[in-house]
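The primary structure of each chain is shown beneath.
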Amino acid sequence: MQLKVWNRQGEEVGTLEVADEVFGLEPNVPVIHQTMLAQLANRRAGTASTKTRGEVRGSTVKIRRQKGTGRARQGSNRAPHRTGGGVVFGPKPRDFSQRIPKRMRRLAIRSVLSAKAADGELKVVEDLAVERPRTKDVQAMLEALGATRSVLLVTGEPDRTLFLSARNIPRSKTIPAAYLNVLDMLQHRDLVMSVDAVRKAEALWGGERATRRRAAVPAGE
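Structure report, in brief. Given the structure is predicted, the values throughout are model-derived calculations rather than measurements.

1. What about helix α4 (residues 135-145)?
Helical geometry note: an α-helix holds 3.6 residues per turn, so side chains three or four residues apart project in the same direction.
Part 1: Among all positions of α4, only V138, M141, L142 and L145 are buried. In an axial view of α4, the angular spread of the buried residues amounts to 95°, which keeps them on one side of the axis.
Part 2: Buried residues along α4 sit against β1 (2-6), β3 (122-125), β4 (151-155), α5 (160-166) and β6 (190-194).
Part 3: The positive-phi residue at the C-terminal boundary of α4 is G146, with phi of around 80°.

Here it is, written out as structure tokens:
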């Protein structure tokens, strides 16, 4: 399939032939959903902890005798219904991480890329490099491209100058193509990629790596 290529002024300057298995795939929604949930779960620290009635500090002596007072029966101060008592079903430290098979993760990334391309939310730019850190230049480029709501900027290689230029723009994020993931793409409406980033994505998730269980790592990694 072909994608339109734009310049930094928002003008269409040509087309780019891209791999169908990366940008022209029928999106697999269940795989996208499962991968997104796994990423969210893997972000959880799992350090929340509460104490049971056996762990809180306090006396185990019965508050008052069982009968004869006309009042309700009570146990110790550690009981869950008492102020300062233990928690009945509170959280304990645990591991929330989920393992996603590599082929499933790759399929999810290709599915989101294909969905973005089909919905017109993917913009391919000749070059995203900037000469010096300046937010105004990147903001003007995004306005020219019509990507003003929320945008994910993807470069072929890590670009610190672009990162510094775009970090103050609300609802924007800059990452290299090798760090492209499902959650970041779903959390941003527009996806702006350089031509180098598109080729990097094809090398990482296209070709044999889209079908084989284990494929060779592309050159340069």
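Back to the write-up after that little detour.
2. A few points about the sheet that holds β4
Part 1: Pairing is mixed across the open sheet formed by six strands, whose spatial order is β2-β1-β3-β6-β4-β5. At either end of the open sheet lies a strand with only one pairing partner, and these are β2 (12-17) and β5 (172-176). This sheet shows a mean twist of 30° between the axes of neighbouring strands, independent of strand direction.
Part 2: Summarising the sheet, β3 and β6 pair through four bridges and their orientation is parallel. The residue of β6 that forms the bridge with V125 is S194.
Part 3: On top of the sheet, helix α3 (residues 102-118) reaches β1, β3 and β6; it is set at about 100° to β6, its chief contact.
Part 4: Lying on the sheet, helix α7 (residues 195-205) is in contact with β1, β2, β3, β4 and β6; it crosses β6 at an angle near 95°.

3. Re the nonpolar core
Part 1: F23, L113, V154 and M193 are the most contacted members of the largest nonpolar core, which has 30 residues in total.
Part 2: Every residue in contact with L113, bar those within four places of it in the chain, is listed here: V22, F23, L180, M185, L191 and M193.
Part 3: Residues W6, V138, L145 and A166 belong to the second largest nonpolar core, which totals 15 residues.

4. Considering α7
Part 1: Within the sequence span of α7, burial applies to A197, V198, K200, A201, E202, L204 and W205.
Part 2: Along its buried surface, α7 packs onto β2, α1 (20-23), α3, β3, β4 and β6.
Part 3: In the stretch just after α7, G207 is the one whose phi turns positive, near 60°.

5. Section: the side chain of D184
Part 1: Relative to the assigned elements, D184 resides in helix α6 (residues 182-187).
Part 2: Here D184 falls in the buried class, since its relative accessible area comes to 4%.
Part 3: Of the polar contacts made by the side chain of D184, one reaches the side chain of K173; its length is 3.1 Å.
Part 4: Not counting residues within four places of it along the chain, the set of residues in contact with D184 comprises R43, L152, K173 and I175.

6. Here we look at the environment of T47
Part 1: Inspection of the secondary structure puts T47 in the loop between α2 (29-43) and α3.
Part 2: Remark: the alpha-carbon pair of T47 and M1, spanning 46 residues in sequence, is separated by 47 Å.

7. Points about the layout of surface pockets
Part 1: Roughly 360 Å³ of volume is contained in the largest pocket.
Part 2: Residue lining of the largest pocket: 19 residues in total, with R105, I109, A178, L180 and W205 positioned closest to the centre.
Part 3: Elements with a contribution of two residues or more to the lining of the largest pocket: α2, α3 and α7.
Part 4: Top contributing element to the lining of the largest pocket by residue count: α2, with five residues.
Part 5: A breakdown of the residues in the lining of the largest pocket according to their chemical character gives nine nonpolar, five polar and five charged.

8. Here we look at the pattern of salt bridges
Part 1: A full pass over the atoms with the stated rule returns six salt bridges.
Part 2: Where E121 meets K116, a salt bridge forms, and the shortest distance between an N and an O atom there is 3.3 Å. In this structure, E121 and K116 share a single accessibility class: buried.
Part 3: Taking the shortest distance from any N to any O, the salt bridge between K200 and E157 comes out at 3.9 Å. With K200 in helix α7 and E157 in the loop between β4 and α5, the pair connects residues that are 43 residues apart, well separated along the chain.

What counts as what
- Residues numbered from 1 in each chain as written.
- Predicted model: local features only at pLDDT ≥ 70, side-chain atom pairs only at ≥ 80, totals over all residues.
- Heavy atoms only, no water.
- Buried < 20%, exposed > 50% of the residue type's maximum accessible area, 1.4 Å probe, protein only.
- Helix = DSSP H or I, 4+ residues; strand = E, 2+ residues; numbered from the N terminus.
- Arc of directions from axis to C-beta.
- Contact = heavy atoms within 4.5 Å.
- Pairing = 2+ DSSP bridges.
- Axes fitted to C-alpha atoms, helices over the stretch in contact; angles between N-to-C directions.
- Core = buried A, V, L, I, M, F, W, Y, C linked by side-chain atoms within 4.5 Å.
- Polar contact = N/O pair within 3.5 Å; in protein donor to acceptor, adjacent residues only side chain to side chain.
- 1 Å grid on protein atoms, 1.4 Å probe; cavity = no way out; pocket = protein on both sides within 12 Å on 5 of 7 lines; lining within 4 Å.
- Points joined across faces, edges and corners; volume = space filled by probe spheres on them.
- Nonpolar A, V, L, I, M, F, W, Y, C, P; charged D, E, K, R; others polar.
- Salt bridge = Lys/Arg side-chain N within 4 Å of Asp/Glu carboxyl O.

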